[in-house]
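# Report on the structure
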Amino acid sequence: MAKNHVTTTINGEPVEYLCETQQTLLDVLRDELQLTGSKEGCASGDCGACSVMVDGRLVCSCLVMGVEAEGKSIETIEGMADGDQLHPLQQKFLENAALQCGICTPGFLVAAKALLEKNPDPTETEVRYWLAGNLCRCTGYDKIIRSVLEVAEEAKGA
Amino acid sequence: MNGMRYEAPSSIDEASALLAGASGEARVLAGGTDLLVQLRSGMVAPELVVDVKNIEEMMTYSVNDGAYTIGAAVPSAQLHEDADLLGMWTGVVEAMDLVGSTQIQGRASLGGNLCNASPAADSVPAMIAAGAICNVAGPNGRREVPVEDICTGPGQTSLAKGEIVVSISLPKQAPRTGDAYLRFIPRTEMDIAVVGAGVCLSLDDSGTCTDARVSLGAVAPTALLVKECADALIGTKVDDAAMANLDAAARAAASPIDDKRGTVEFRTKVSGVLARRAAAIALERAGS
Ligand SMILES: Cc1cc2nc3c(=O)[nH]c(=O)nc-3n(C[C@H](O)[C@H](O)[C@H](O)COP(=O)(O)OP(=O)(O)OC[C@H]3O[C@@H](n4cnc5c(N)ncnc54)[C@H](O)[C@@H]3O)c2cc1C
Ligand code: FES
Ligand code: FES
């Protein structure tokens, strides 16, 4: 069967690829485009390690077909830092040691960035509910939640 | 999934013709939050997947003289962001907002939640209580189907080959109307309803209930529209006696399964409790 030809935009750059119909967007990002920052924790929408933005909406890339990216704008963890300049969330996660093995971290960062863009001053409860679809087996969440709240707080002062 | 074809037409007619013409199994793809999981696990192996998200009518919604027509594939997050819709049909929008996480909300649709035909689908009892109507299109034209007539059993619908739920209409509300949906889950997020209850009721100026619809989820093969529950409320001031009758009617209507998530006894009792609590919230919303 012929592969599907897809033209899309990833982190602001035009990208073309060929994919099988059965490949998910996560498979395409990792296996075809070597954008391995997005992780596969469950492949069933439960863990959020594969979180990306599609046309401005936070989604699980494991539940998006690769062919669906046609004409869309995709943002992944690889587009988060500005060159060597880390995003404030990335910087804060490092300072607070809000990660251990790091498998969940790209998903948390992409999801937290989406939250702060929509709601720059969230309550702790709002942060916890927004990130309920991101699972971490190592840190116990507190450092993650605190990092997001601190970034929001510092942005207010700036 | 080998050899599966993908099409993304931009009109209902094309989509319906593709589905009707498929030699093997064909599936609509809306948000994919059920379908992708089923494809990955091998539960379904369609020959054709028809993505309906390029069809404008399925991805937009409108309000006309107080009645909403919501594209069946509009992602839940978009519905929840609309303060007017949330204010009017709070129960329906909140029920859909219970589905999954933020990430799932970015894709999950009312049409997908309904057509996946899970007995525990959260938006379905809320839509049934609201009196929602599906606008269905197929090879033989269009028809209107009440939401409660779509699912016929777990994973089964009354849709014919080639038929698509294009949109869902929520009627114009009588002046003092409120709706609510509650579910019981063992956690606070990311879980499947053990019992769900949707209530929509209207009051006259004296506070007497003039109209009510009550629906229960996860306690039968499909979500139930329970007339006896509505009858317990209509003509009353939704006082303690009416609530007790509602509770009893809900318990009588529930015929749940026994599984690790809840026993028959537990689910039956919770049906009554949630019907009452949802009615109390709907009452408050109708009054305000
Ligand atoms: C992690 C996770 C958590 C979840 N939590 C919940 C939950 O709490 N409550 C709940 O109810 N559900 C839950 N779900 C299930 C799912 O997200 C919902 O049922 C969702 O609303 C499905 O919508 P969708 O647009 O993604 O449907 P899809 O997956 O695109 O479609 C579902 C089914 O309906 C058919 N279909 C879709 N649209 C149409 C249409 N317009 N006309 C005809 N057929 C159509 C498809 O062919 C498919 O068979 C969860 C799923 C995941 C992965
Ligand atoms: S890999 Fe996508 S949610 Fe877990
Ligand atoms: S740091 Fe290991 S899963 Fe979160």
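The shown structure was predicted, so the numbers you read here are calculated from the model rather than taken from an experiment.

What counts, and where the lines are drawn
Residues numbered from 1 in each chain as written. Chains lettered and ligands numbered in written order. Predicted model: local features only at pLDDT ≥ 70, side-chain atom pairs only at ≥ 80, totals over all residues. Heavy atoms only, no water. Helix = DSSP H or I, 4+ residues; strand = E, 2+ residues; numbered from the N terminus. Rg over C-alpha atoms; globule rule 2.2 N^0.38 Å. Buried < 20%, exposed > 50% of the residue type's maximum accessible area, 1.4 Å probe, protein only. Contact = heavy atoms within 4.5 Å. Areas by Shrake-Rupley, 256 points an atom, 1.4 Å probe, with all protein chains shown as cover. Lys, Arg positive; Asp, Glu negative; His and termini not counted. Charge placed at Lys NZ, Arg CZ, Asp CG, Glu CD. Near = heavy atom within 4 Å. Polar contact = N/O pair within 3.5 Å; in protein donor to acceptor, adjacent residues only side chain to side chain. Buried area = accessible area lost by both parts, 1.4 Å probe. Salt bridge = Lys/Arg side-chain N within 4 Å of Asp/Glu carboxyl O. Nonpolar A, V, L, I, M, F, W, Y, C, P; charged D, E, K, R; others polar. Pairing = 2+ DSSP bridges. Right-handed = clockwise from strand over helix to strand, strands pointing away. Domains from an automatic or database assignment. Axes fitted to C-alpha atoms, helices over the stretch in contact; angles between N-to-C directions. Phe/Tyr/Trp six-rings, centres within 6.5 Å; stacked < 30°, edge-to-face > 60°. Core = buried A, V, L, I, M, F, W, Y, C linked by side-chain atoms within 4.5 Å.

## Focus on the overall build of chain A
- Scanning chain A from terminus to terminus reveals five helices and five strands.
- Ordering the α and β elements of chain A from the N terminus gives β-β-α-β-β-β-α-α-α-α.
- By the compact-globule yardstick of 15 Å for 158 residues, chain A fits well, its C-alpha radius of gyration being 16 Å.
- Across its three principal axes, chain A shows a C-alpha extent of roughly 55 × 30 × 25 Å.
- With 158 residues in all, chain A has 51% of them scored as buried.
- Summarising the internal contacts of chain A: among those between residues at least 6 apart in sequence, 54% fall at separations of at least 24.
- Surface summary for chain A: the accessible area is close to 7300 Å², and the carbon and sulfur share equals 49%.
- Mean positive and mean negative side-chain charge positions of chain A (13 and 24 charges, respectively) differ by 6 Å.

## Focus on the site of ligand 1
- Around ligand 1, a shell composed of 36 residues is seen, among which V28(B), T33(B), D34(B), S109(B) and D122(B) lie nearest.
- Surrounding ligand 1 are residues belonging to chains A and B, so the site spans chains.
- The side chain of T33(B) places a nitrogen or oxygen atom 2.6 Å from an oxygen atom of ligand 1.
- With the chains in place, 92% of the 990 Å² that ligand 1 exposes on its own is no longer accessible.
- Only strand 2 (26–29), helix 8 (110–115) and strand 10 (164–170) of chain B provide two or more residues apiece to the shell around ligand 1.

## A word on the interface of chain B and chain A
- Counting from both sides, the interface comprises 29 residues of chain B and, opposite them, 29 residues of chain A.
- With both sides pooled, the region where chain B packs onto chain A buries about 2400 Å², and carbon together with sulfur makes up 58% of that total.
- For the salt bridge of K53(B) with E68(A), the shortest nitrogen-to-oxygen distance reads 2.8 Å.
- At the junction of chain B and chain A, the tally comes to 11 residue pairs in polar contact (both at pLDDT 80 or more).
- Where the side of chain B that touches chain A is concerned, the elements lending two or more residues are strand 1 (5–7), helix 2 (35–40), strand 3 (48–51), helix 4 (76–80) and helix 7 (102–105) of chain B.
- Class assignment of the residues belonging to the side of chain B that touches chain A gives a composition of 11 nonpolar, 11 polar and seven charged.

## Section: helix 9 (residues 123–130) of chain B
Residue and element names in this part refer to chain B.
- Among the eight residues of helix 9, eight are classified as buried, and the element is accordingly described as predominantly covered.
- By the burial criterion, the buried members of helix 9 are S123, V124, P125, A126, M127, I128, A129 and A130.
- Downstream of helix 9 by one or two residues, G131 has phi in the positive range, about 75°.

## A word on the pairing of strand 2 of chain B
All names here are of chain B.
- Relative to strand 3, strand 2 is paired through four bridges, and the arrangement is parallel. Opposite R27, over in strand 3, you have V49 as the bridge partner.
- Once you follow strand 2 into helix 2 and on to strand 3, the crossover reads as right-handed.

## Quick notes on the domain arrangement of chain B
- Under the domain assignment used here, chain B contains domain 1 (5–51), domain 2 (56–170) and domain 3 (177–287).
- Domain 1 of chain B and domain 3 of chain B are separated by 35 Å when their C-alpha centres are compared.

## Remarks on the domain arrangement of chain A
All names here are of chain A.
- Per the domain assignment, the segments of chain A are domain 1 (4–79) and domain 2 (88–157).
- Between domain 1 and domain 2, the C-alpha centre-to-centre distance is 22 Å.
- Contacts between the two partners involve 13 residues from domain 1 and, on the opposite side, 13 residues from domain 2.
- Here domain 1 and domain 2 share an interface that buries about 990 Å² over both sides, 67% of which is from carbon and sulfur atoms.
- Residues K113 and E75 are paired through a salt bridge, measuring 3.8 Å at the closest nitrogen-oxygen approach.
- On the surface where domain 1 and domain 2 come into contact, there are three residue pairs in polar contact (both at pLDDT 80 or more).
- Considered class by class, the residues forming the side of domain 1 that touches domain 2 number six nonpolar, four polar and three charged.

## A closer look at the sheet that holds strand 5 (residues 67–71) of chain B
Residues and elements named next belong to chain B.
- An order of 4-5-10-6-7 is seen for the five strands of this open sheet, with the pairing classed as antiparallel. Sheet topology places strand 4 (61–64) and strand 7 (141–146) at the edges, where each strand pairs with a single neighbour. Each neighbouring strand pair of the sheet contributes to a mean axis angle of 20°, computed without reference to strand direction.
- Pairing geometry for strand 6 (residues 133–138) and strand 7, over six bridges, is antiparallel. By the bridge assignment for strand 7, C134 is matched with V145.
- Sitting on the sheet, helix 1 (residues 12–21) is in contact with strand 6, strand 7 and strand 10, with an inclination near 135° to strand 10.

## Brief notes about the packing of aromatic side chains
Residue and element names in this part refer to chain B.
- Overall, the coordinates contain two aromatic pairs over all chains when judged by the stated rule.
- Seen in terms of ring centroids, F184 and F266 are 5.2 Å apart; in terms of plane orientation they differ by 70°. Their pairing is edge-to-face. Here F184, found in strand 11 (residues 176–184), pairs with F266, found in helix 12 (residues 264–287); they are 82 residues apart in sequence, far enough to count as distant.
- Exposure remark for F266: the relative accessible area of 34% places this residue in the partly exposed category.

## Some details on the sheet that holds strand 2 (residues 13–19) of chain A
All names here are of chain A.
- Sheet architecture is open: five strands sit in the order 2-1-5-3-4, paired in mixed fashion. Each edge of the open sheet carries a strand with a single partner, namely strand 2 and strand 4 (57–60). Averaged over neighbouring strand pairs, the angle between their axes works out to 40° when direction is ignored.
- Across the sheet, helix 3 (residues 105–118) is in contact with strand 3 (51–54), strand 4 and strand 5 (73–75); its angle to strand 3 comes to roughly 40°.

## Considerations on the environment of T177(B)
- For T177(B), the location among the structural elements is in strand 11.
- The residues contacting T177(B), other than those within four sequence positions of it, are C200(B), L201(B), S202(B), R285(B) and A286(B).

## Examining the nonpolar core
- Ranked by size, the top nonpolar core spans 85 residues in total, and within it L25(A), M58(B) and I150(B) carry the most contacts.
- Sorting elements by how many residues they give to this core places helix 9 of chain B first, with six residues.

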